[in-house]
Amino acid sequence: MIFNSLQIYSQQVTSIKRIGDSAAEFAIPSCHCGEIYALKHSWTNLNPGRRFFGCRKYGMKYGFFMWLGSPVSNHSKQVIVELLSKVRLYEAEMKRAKKKEVQWRFICVIVIILCIVDLF
């Protein structure tokens, strides 16, 4: 199934390497640089959770990628985007809380130092 969808794109890929035995065989394309593509997930709002093959150097030197499978349904997109926004809000809140924690630790250290200095 995967191999059939990759055959369509074989003109864009230098080579395709087969992995596994004949019963569970599938293909992983390799880039023009010789690296085997890594299976990655898109987390953009347009393609949340959609899988694609991309060069391990994707984003640095090589920009080629190839979608795997069909796009996510509109309902799934909506659910994933909402969950991602909640996760991002949570991560931002955690970052703010850690920053406050560092500030409070610094204040506590200063207060302890002032108390020790005042004793002498």
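See above for the structure.
In what follows, the accompanying structure is described. All figures in this text were calculated on a predicted structure; none of them were measured in a lab. (Residues numbered from 1 in each chain as written. Predicted model: local features only at pLDDT ≥ 70, side-chain atom pairs only at ≥ 80, totals over all residues. Heavy atoms only, no water.)

A closer look at the overall build of the protein
Quick note on the threshold: Secondary structure is summarised from DSSP: a helix means a run of H or I of at least four residues, a strand means a run of E of at least two, and numbering begins at the N terminus for each. Think of it in three bands: with a 1.4 Å probe and only protein chains considered, a residue is buried below 20% of the maximum accessible area for its type, exposed above 50%, and partly exposed in between. We call two residues contacting when some pair of their heavy atoms lies within 4.5 Å.
What the protein contains, in helices and strands, is two helices and five strands. Listing each helix as α and each strand as β along the protein from the N terminus yields α-β-β-β-β-β-α. Looking at the protein residue by residue over its 120 residues, the buried ones come to 18%. Here the contacts in the protein between residues at least 6 apart in sequence split such that 27% fall between residues at least 24 apart.

A short note on the pairing of strand β4 (residues 51-54)
Selection rule: Pairs of strands are assigned from DSSP output, requiring at least two bridges between the strands.
Summarising the sheet, strand β3 (residues 38-41) and β4 pair through four bridges and their orientation is antiparallel. From the neighbouring strand, Lys40 faces β4, where its bridge partner is Phe52.

As for a nonpolar patch on the surface
Quick note on the threshold: Each patch is built from residues lacking any salt bridge and having more than 30% relative accessible area; the joining distance is 9 Å for like charges and 5 Å for nonpolar side chains (Val, Leu, Ile, Met, Phe, Trp, Tyr). Note on areas: Shrake-Rupley with a 1.4 Å probe; residue coverage comes only from the protein chains shown. Here, a salt bridge means any side-chain nitrogen of Lys or Arg that lies within 4 Å of a carboxyl oxygen of Asp or Glu.
On the surface, a cluster of nonpolar side chains totalling about 630 Å² of accessible area is made up of Trp104, Phe106, Ile107, Ile110, Val111 and Leu114. Tracing the backbone through its elements, the reader meets Leu114 in helix α2 (residues 74-119). What makes Leu114 exposed here is its relative accessible area of 55%.

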